[in-house]
Amino acid sequence: MDAELLKHDLAHTVAQFARDYICQHADEWHRTGAVPRKVLADICAIGLAKAAFNPDEAGASGWHVLGACFEELGAACSSVRCCITVQSIVGYALGRWWRLPQAQSWLERMANGDKVCAFALSEPNTGSDTAGIETLIEREKHGVRLNGVKRWITNGAIADAFLVVAKHDSDRDGKCLLFVERSLDGVSISETLNMAGARGSHTAEIQFTDALISRDRIIGANGFGGEVVVSDILDYGRFTVAWGCVGLQRACLKLALERAAYRHQFGRPLRDHDLVRRILSRMYSDYLSSRALCIRATESRAARAPDAVGLTAAAKFHAASCAVNAANECVHLMGAAGSVLTHPAQRWLADAKVMALIEGSREIHELSLVDYAFQDQNLKWVV
Amino acid sequence: MNDSVSMEKKIHDFVMLRLKLQDLSRDTDIFETGIVGSMFAVQLVRYLETQFNIELDDEDLTLDNFRSVAALTSLATHKMRLR
């Protein structure tokens, strides 16, 4: 985190909590497969959730402080970062696009951590190809009837409510979102998933069987609106994952440097071996470039610039790829010690693989980043 | 140049500069071109809101409001009147 940002109360408090508490327990939560709900509530209540629900409210500094917070969470524990990301993007979407009085009451309870929410997009048969979702709504007298299965849902096992992406049975092209409380009839957690990475994020499968949802709980009801809101949510999610991956790389790099300085082989420290120096140099340049891209995306978001969407996608793509590499090299440099299942480098490697899949897989970004290159006004292009 | 003409020109330039279309009339359906999707709509939301100092709501997010330069201009004009 930048020294300047540490002066900000929220960034400072999150950094301290991440370093003094989350870091100490991250391996345990990875092993048990669950970050305690109380810890998530505490992080929300520090003020991070409220700040994340409406980053523009705090002016330009809001986005920079948020980036710093997600970097610190990512350095400490990706499972925690994932849970807080989801709480943040759902809170943002409710505040931005669900402008009803009940949204305000939910946002207050989410801000202090009393309520945890999940974003339910992925399905057993649908990952990147979100057009293929099979969760359907049928119109009823006072609302809609919801049927379908959502899988790989972060926070799913502990969520009090879900922001569910579904399709109209009559209009197979458009999506809409529904705010569905867990206590509703027809909503059940069908499985808590034993993930390899982001193990503590309460990833679950949720079943919706004839759940009746009132009309005022539908966002983006006309199909096109649903598509836009889903994209808006994913764009925000990418911002948090990108910064989390900068933190993850930082954790890997710190341990790798320490190892290289103190571990001796063939009569000298690892840092004096040319091939090790190459590994560390590449890790460092990856870390710096990821950080620079995240800062550029953050500045653009703070300015509410349309280019922020492409810059954020590029930052996520690059930072996640570099995080996989950093964790992989960290395991490598730790040798046999890093190959023990309980070693932090193993957690980082498993977490980093998840980061490269979520919020747009590597291939999704490889297919779409070129669109933003065409848009880039710094690349002069004459029609 | 009156307000709505200059507004339409701004929106036209924004879309043109970014999409680099060979031909963009005020009624060209930009979503039918196949080169943009809902992420471009997110960019349009951000552009309209910052450029014209308006705030879009859930019910404004319709294809009819977003499909062309003419539609975007009339959406922005409408929202500015409500401001």
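A few words now on the overall build of chain A. Looking only at helices and strands, one finds 11 helices and 10 strands in chain A. Here chain A has a C-alpha radius of gyration of 21 Å; the compact-globule value for 383 residues is 21 Å, and the two agree. Expressed along its principal axes, the backbone C-alpha trace of chain A runs to roughly 80 × 55 × 40 Å. With an accessible surface of roughly 16,200 Å², chain A has 53% of that area assigned to carbon and sulfur atoms. Of the charged side chains in chain A, 42 are positive and 44 negative, and the gap between their average positions amounts to 3 Å.

Let's shift gears to the packing of helix α5 (residues 78-97) of chain A against helix α6 (residues 101-111) of chain A. Residues and elements named next belong to chain A. Running from N to C, α5 and α6 point in directions that differ by 155 degrees, and their axes come no closer than 10 Å. Taken as axis vectors, α5 and α6 run roughly antiparallel relative to one another. Regarding α5 and α6, the two cross each other, and that crossing is left-handed. Note on element contacts: α6 touches α5 through A103, L107 and M110, opposite Q87, V90, G91, L94 and G95. Across the contact of α5 with α6, the residue classes tally to 5 nonpolar, 3 polar and no charged.

Below, the discussion takes up the interface of chain A and chain B. Contacts between the two partners involve 32 residues from chain A and, on the opposite side, 26 residues from chain B. Between chain A and chain B, roughly 2,600 Å² of surface is buried when both sides are summed, and carbon and sulfur atoms account for 56% of that area. For the chain A face of the interface with chain B, the top three residues by lost area are F224, R304 and P306 of chain A, together amounting to 25%. Our count for the chain A to chain B interface comes out at 7 salt bridges.

The subject of this paragraph is the confidence of the model for chain B. Residue and element names in this part refer to chain B. Per-residue pLDDT for chain B averages 92, and the proportion of residues at 70 or more is 98%. Within chain B, helix α2 (residues 38-52) carries the highest mean pLDDT (97), whereas helix α1 (residues 3-19) carries the lowest (91). Across the interfaces of the predicted complex, the ipTM metric reaches 0.95, alongside a pTM of 0.96.

Next up on the list: the packing of aromatic side chains. Enumeration according to the criterion identifies 14 aromatic pairs over all chains in this entry. Note on Y47 of chain B and F52 of chain B: the rings are 6.1 Å apart at their centroids and 80 degrees apart in plane angle, and the pair reads as edge-to-face. Each of the two residues, Y47 of chain B as well as F52 of chain B, counts as buried. In textbook terms, an aromatic cluster arises when at least three aromatic residues are bridged by ring pairs, as seen for W63, Y92, Y236 and F239 of chain A. For R96 of chain A, the ring lying beneath its charged end belongs to W97 of chain A, and the centroid distance is 4.0 Å. One residue, R109 of chain A, lies across the ring of W106 of chain A, its end atom 4.9 Å from the ring centre.

Pairing between side chains becomes possible if they bear opposite charge and their charged atoms approach one another. In the structure shown here, the tally under the stated rule is 30 salt bridges over all chains. Beyond isolated ion pairs, a larger network of salt bridges with shared partners links R99 of chain A together with E55, D57, D60 and K79 of chain B.

As a further point, take α5 of chain A. Between its first and last C-alpha atoms α5 of chain A spans 28 Å; for 20 residues at 1.5 Å apiece the expected length is 28 Å, and the two agree. Within α5 of chain A, 19 of the 20 residues are buried, which leaves it mostly tucked inside the rest of the structure.

With that settled, the discussion passes to the nonpolar core. Residues V80, F119 and L163 of chain A together with L48 and F66 of chain B are the most contacted members of the largest nonpolar core, which totals 136 residues. When sequence neighbours within four positions are dropped, the list of residues in contact with F119 of chain A reads V86, I89, V90, I153, L163, V165, L177, I233 and L234 of chain A. Among the nonpolar cores identified, the runner-up in size contains 21 residues, and A120, I153, C176 and I213 of chain A belong to it.

Let us now look at the environment of A75 of chain A. Inspection of the secondary structure puts A75 of chain A in helix α4 (residues 60-76). Ignoring anything within four residues of it in the chain, the contact list for A75 of chain A reads G244, G247, L248, R250 and A251 of chain A.

Our next topic: the state of the cysteines. Residues and elements named next belong to chain A. The final tally for this structure, using the stated rule, is 0 disulfides over all chains. Here C117 is not disulfide-linked; the sulfur of C44 is the nearest cysteine sulfur, at 9.8 Å. For C117, a relative accessible area of 0% puts it in the buried group.

For the rest of this paragraph, the subject is the environment of C117 of chain A. On the secondary structure map, C117 of chain A appears in strand β1 (residues 117-120). If we ignore the near neighbours within four places in the chain, the residues touching C117 of chain A are V86, Q87, V90, W106, M110, N155, A159, A161 and F179 of chain A.

Here we come to unusual backbone geometry. A negative phi angle characterises most non-glycine residues, just as the trans form characterises most peptide bonds. Residue and element names in this part refer to chain A. One non-glycine residue, R304, adopts positive backbone phi at about 50 degrees. On the accessibility criterion, R304 (23% relative accessible area) is partly exposed. Phi at E359 is positive, roughly 50 degrees, even though this residue is not glycine. Relative to the helices and strands, E359 resides in the loop between α10 (344-355) and α11 (362-375). For E359, a relative accessible area of 16% corresponds to the buried category.

This part is about the side chain of H365 of chain A. Residue and element names in this part refer to chain A. In this fold, H365 is placed in helix α11. Here H365 falls in the buried class, since its relative accessible area comes to 0%. Those residues within four positions of H365 in sequence are excluded, and the remaining contacts are R238, A313, K316, F317, E359 and G360.

Parameters and conventions
Residues numbered from 1 in each chain as written. Chains lettered and ligands numbered in written order. Predicted model: local features only at pLDDT ≥ 70, side-chain atom pairs only at ≥ 80, totals over all residues. Heavy atoms only, no water. Helix = DSSP H or I, 4+ residues; strand = E, 2+ residues; numbered from the N terminus. Rg over C-alpha atoms; globule rule 2.2 N^0.38 Å. Areas by Shrake-Rupley, 256 points an atom, 1.4 Å probe, with all protein chains shown as cover. Lys, Arg positive; Asp, Glu negative; His and termini not counted. Charge placed at Lys NZ, Arg CZ, Asp CG, Glu CD. Axes fitted to C-alpha atoms, helices over the stretch in contact; angles between N-to-C directions. Parallel < 35°, antiparallel > 145°, perpendicular 65-115°, else oblique. Left-handed = near helix turned anticlockwise from the far one by under 90°. Contact = heavy atoms within 4.5 Å. Nonpolar A, V, L, I, M, F, W, Y, C, P; charged D, E, K, R; others polar. Buried area = accessible area lost by both parts, 1.4 Å probe. Salt bridge = Lys/Arg side-chain N within 4 Å of Asp/Glu carboxyl O. pLDDT = per-residue confidence, 0-100. Phe/Tyr/Trp six-rings, centres within 6.5 Å; stacked < 30°, edge-to-face > 60°. Buried < 20%, exposed > 50% of the residue type's maximum accessible area, 1.4 Å probe, protein only. Lys NZ or Arg CZ within 6 Å of the ring centre and 35° of its normal. Expected span 1.5 Å × (residues − 1). Core = buried A, V, L, I, M, F, W, Y, C linked by side-chain atoms within 4.5 Å. Disulfide = S-S within 2.5 Å.

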